[in-house]
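Next come the chains, spelled out residue by residue.
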Number of protein chains: 2
Amino acid sequence: MTRSEIKAFFKAMRPYLAPSTLDELSDCCDYLKLPKGTALIQEGKRHHYCYFITKGAVKSYYLNDGKEICSWFAFERETVSTIKTFAGQPSNETIKLIEDSAFIRVNIKAFKALAESNISIGRLTHELLIEHAIFLEELLYLKSKPGKERYQELINAEPQLLQRVSLTDLASFLGISRETLSRIRSKS
Amino acid sequence: MTRSEIKAFFKAMRPYLAPSTLDELSDCCDYLKLPKGTALIQEGKRHHYCYFITKGAVKSYYLNDGKEICSWFAFERETVSTIKTFAGQPSNETIKLIEDSAFIRVNIKAFKALAESNISIGRLTHELLIEHAIFLEELLYLKSKPGKERYQELINAEPQLLQRVSLTDLASFLGISRETLSRIRSKS
DNA sequence: CAATCTATTTGACATATGTCACAAAAACTA
DNA sequence: TAGTTTTTGTGACATATGTCAAATAGATTG
């Protein structure tokens, strides 16, 4: 992916970013492709990058009694990091690729420095934080419902999930057992 | 509460705020006392203020099939708003006082304008957003556990909750029925 | 393509939790 | 304080969900 493609990516994401801002931003970025199964961020470790998915898919999870609990999935054009990473603290989640994927990667320190010197990048990080919080609130709302409704609402809102996420991961995300998910699906 | 008490409140909250910044900030604030039961923010409506609790307690909830589902509680020195309110959108939660309470109130537009003109207020709003996101992630983590553990971890982390929150609200927050909470409590 | 491995489905069963009804306790109110 | 309302606790029961084991389907590899 060329530098001008990186700029086009951010321009599509936030049309308000001026050409000079896109120059500054893309200077801090690099591009990388990684195979399915790679861990982008690991539970318990500090990381220094924020990622934007240009192709592929990831899941975020943490371990509870040795069992993976999925907290979310992300796909093309979505921003991927953990808030703890953003805050400079060790992550409490692992982010792993569930497909061969490609990312634009930004160093968080450089990103924050830019945000302080360039007001529209400041606006971008502010908006990313607000969107992340809204996303988390929607997750909480979803998770407050009974399992059956959780599945149906989710599939209604994002039918493409079923094509790209294993039912095992989906069940753990929904907070129900694989078997229960299978039964919910066979009845509807 | 006098203007200098308001300044002292923010100074205690963020020691990095300079006297001149505290002046600017406190100019946008007012102070108000409200009785138990008052709704600070209502589901479906747009609101224009962010609150800081100086005394008292609130709960946030939304309705599902006519039933209240508590999403969080907040107490002295905590910041109270909804992220949707912050984003200028109608709130999807109602925030109601569960004790007679007192607040410092800031107009969100003025707060955001200050954040753009004064870099340390910008830092403050940025930090508030990050803390809110971390708070939501911890809630999600808590809610991914079985009901019994949710209760025990919560009471372990915040024993004072039991003194200030009704068991009905606590059960709805934990996502279990009142009766189940009562049984969990009587066994432990 | 056969062989192997992984993911998903199904059955049987135990258990946790919700619901409803009612009792007891506590908090308000006049 | 007595009466009323609200909150909390208990019992009985139905049901949803988890767990374990095994079968089936699907994917991957040589």
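Placed above this text is the structure.
Nothing here was measured: the structure is a model prediction, and the numbers come from that model.

Trainee: Mind showing me how you'd approach the interface of chain B and chain A here?
Mentor: Many authors give the size of an interface as the accessible area that is lost as the parts come together. Listed per partner, the contact involves 29 residues of chain B and 29 residues of chain A. The contact between chain B and chain A buries some 2,400 Å² in all, and 68% of this surface belongs to carbon and sulfur atoms. When the area that chain B buries against chain A is broken down by residue, the three leading residues are Ile83(B), Glu137(B) and Leu140(B), summing to 23%. Put simply, chain B and chain A have zero salt bridges between them. In this structure, the connection of chain B to chain A is made through four residue pairs in polar contact (both at pLDDT 80 or more). Of all the secondary-structure elements, those providing two or more residues to the side of chain B that touches chain A are strand 4 (58-64), helix 3 (83-86), helix 4 (108-117) and helix 5 (119-143) of chain B. Among the elements that take part in the side of chain B that touches chain A, helix 5 of chain B stands out by supplying 15 residues, more than any other. Within the side of chain B that touches chain A, the residues separate by chemical class into 14 nonpolar, seven polar and eight charged.

Trainee: I keep staring at the protein's contact with DNA strand D and nothing clicks. Help me out?
Mentor: In the neighbourhood of DNA strand D, 15 residues make up the surrounding shell, with Thr180(A), Leu167(B), Thr168(B), Arg178(B) and Arg183(B) lying closest. Take the atoms of DNA strand D that sit within 4 Å of the protein: sugar and phosphate atoms are 44% of them. Taken together, the elements giving at least two residues each to the surface near DNA strand D come down to helix 9 (178-187) of chain A together with helix 8 (167-174) and helix 9 (178-187) of chain B. Looking at which element gives the most residues to the surface near DNA strand D, the answer is helix 9 of chain B, with six residues. Here the residues of the surface near DNA strand D are counted per class, giving two nonpolar, seven polar and six charged.

Trainee: Would you take a moment to explain the sheet that holds strand 8 (residues 101-107) of chain B for this structure?
Mentor: Residues and elements named next belong to chain B. With respect to topology, four strands assemble into an open sheet ordered 1-8-3-6, the strand pairing being antiparallel. Since the sheet does not close on itself, it has two edges, and those belong to strand 1 (29-34) and strand 6 (79-80), each with one partner. Across six bridges, the pairing between strand 1 and strand 8 is antiparallel. When the bridges of strand 8 are listed, Tyr31 appears paired with Ile104.

Trainee: Help me out: how do you make sense of the relation of the copies chain B and chain A in this one?
Mentor: In summary, the two copies of the chain are related to each other by a rotation about an axis coupled with a shift along it. With an RMSD of 0.0 Å, the fit of chain B onto chain A corresponds to turning through 180 degrees and sliding 0.0 Å along the axis. What the superposition gives is, in effect, a two-fold axis relating one chain to the other. By C-alpha distance to the rotation axis, the residue of chain B lying nearest is Ala133(B), at 2.6 Å. Mapped onto chain A, 100% of the interface residues of chain B again fall at the interface, so both copies present the same surface.

Trainee: I keep staring at the state of the cysteines and nothing clicks. Help me out?
Mentor: Cysteine pairs can be covalently joined through their sulfur atoms, and such a bond is termed a disulfide. Residue and element names in this part refer to chain A. This structure, assessed with the given rule, holds zero disulfides over all chains. Here Cys28 stays unpaired: no disulfide links it, and the sulfur of Cys29, its closest cysteine neighbor, is 6.4 Å away. On the basis of relative accessible area, Cys28 is assigned to the partly exposed category, the value being 24%. Not part of a disulfide, Cys70 finds its nearest cysteine sulfur in Cys50, a span of 20 Å. Taking relative accessible area as the criterion, Cys70 reaches 1% and is therefore assigned buried.

Trainee: Teacher, can you tell me more about the nonpolar core here?
Mentor: Across soluble globular proteins, nonpolar side chains show a tendency to be buried alongside one another. Core analysis: the largest hydrophobic core is formed by 94 residues, its most contacted members being Phe10(A), Leu170(A), Phe10(B) and Leu170(B). Those residues in contact with Phe10(B), other than ones at most four positions away along the chain, are Leu17(B), Leu22(B), Leu25(B), Cys29(B), Phe52(B) and Ile104(B).

Trainee: What's the story with helix 6 (residues 147-157) of chain A in this structure? I'm lost.
Mentor: All names here are of chain A. Listed as buried for helix 6 are Gly147, Arg150, Tyr151, Leu154 and Ile155. Seen along its axis, helix 6 keeps its buried residues to an arc of 115 degrees; they face one direction. Turned more than 90 degrees away from the buried face of helix 6 sit Lys148, Asn156 and Ala157, all of them exposed. Contacts from the buried residues of helix 6 go to helix 5 (119-143), helix 7 (161-164), helix 8 (167-174) and helix 9.

Reading the values: rules and limits
- Numbering of residues begins from 1 in every chain and follows the order in which that chain's sequence is written.
- Numbering of ligands from 1 and lettering of chains from A proceed in the order in which they are written.
- Only residues with pLDDT of at least 70 are given local features in this predicted model, and only at 80 or more are side-chain atom pairs given and counted; all residues enter the totals for whole chains, interfaces and linings.
- To obtain the side-chain values, all non-hydrogen atoms of the structure were included, while hydrogens and water were left out.
- By definition in these notes, contact holds between two residues if any of their heavy atoms fall within 4.5 Å.
- Using a 1.4 Å probe, buried area is obtained as the accessible area two parts lose upon being combined, added over both of them.
- A pair is scored as a salt bridge if a Lys or Arg side-chain nitrogen falls within 4 Å of a carboxyl oxygen belonging to Asp or Glu.
- Counted as a polar contact is a pair of N or O atoms within 3.5 Å, where, for protein atoms, one must be capable of donating a hydrogen and the other of accepting one, and residues adjacent in sequence contribute only when both atoms are in side chains.
- The numbering of helices and of strands both runs from the N terminus, where a helix is a DSSP run of H or I of at least 4 residues and a strand a run of E of at least 2.
- As a working rule, the residues Ala, Val, Leu, Ile, Met, Phe, Trp, Tyr, Cys and Pro are called nonpolar, Asp, Glu, Lys and Arg charged, and the rest polar, with Gly in that last group.
- For this description, a residue counts as near a given molecule or strand if any of its non-hydrogen atoms is within 4 Å of it.
- By definition, two strands form a pair when at least two bridges between them are found by DSSP.
- Here the copies are superposed with least squares, the fitted atoms being C-alpha atoms of residues at a pLDDT of at least 70 in both.
- By convention in this document, the label disulfide applies to cysteine sulfur atom pairs within 2.5 Å.
- Using a 1.4 Å probe on the protein chains alone, a residue whose accessible area is under 20% of its type maximum counts as buried, one over 50% counts as exposed, and one in between counts as partly exposed.
- Here, nonpolar core means buried Ala, Val, Leu, Ile, Met, Phe, Trp, Tyr and Cys residues that are tied together by side-chain atoms lying within 4.5 Å of each other.
- Here the arc refers to the directions that run from the helix axis out to each C-beta atom.

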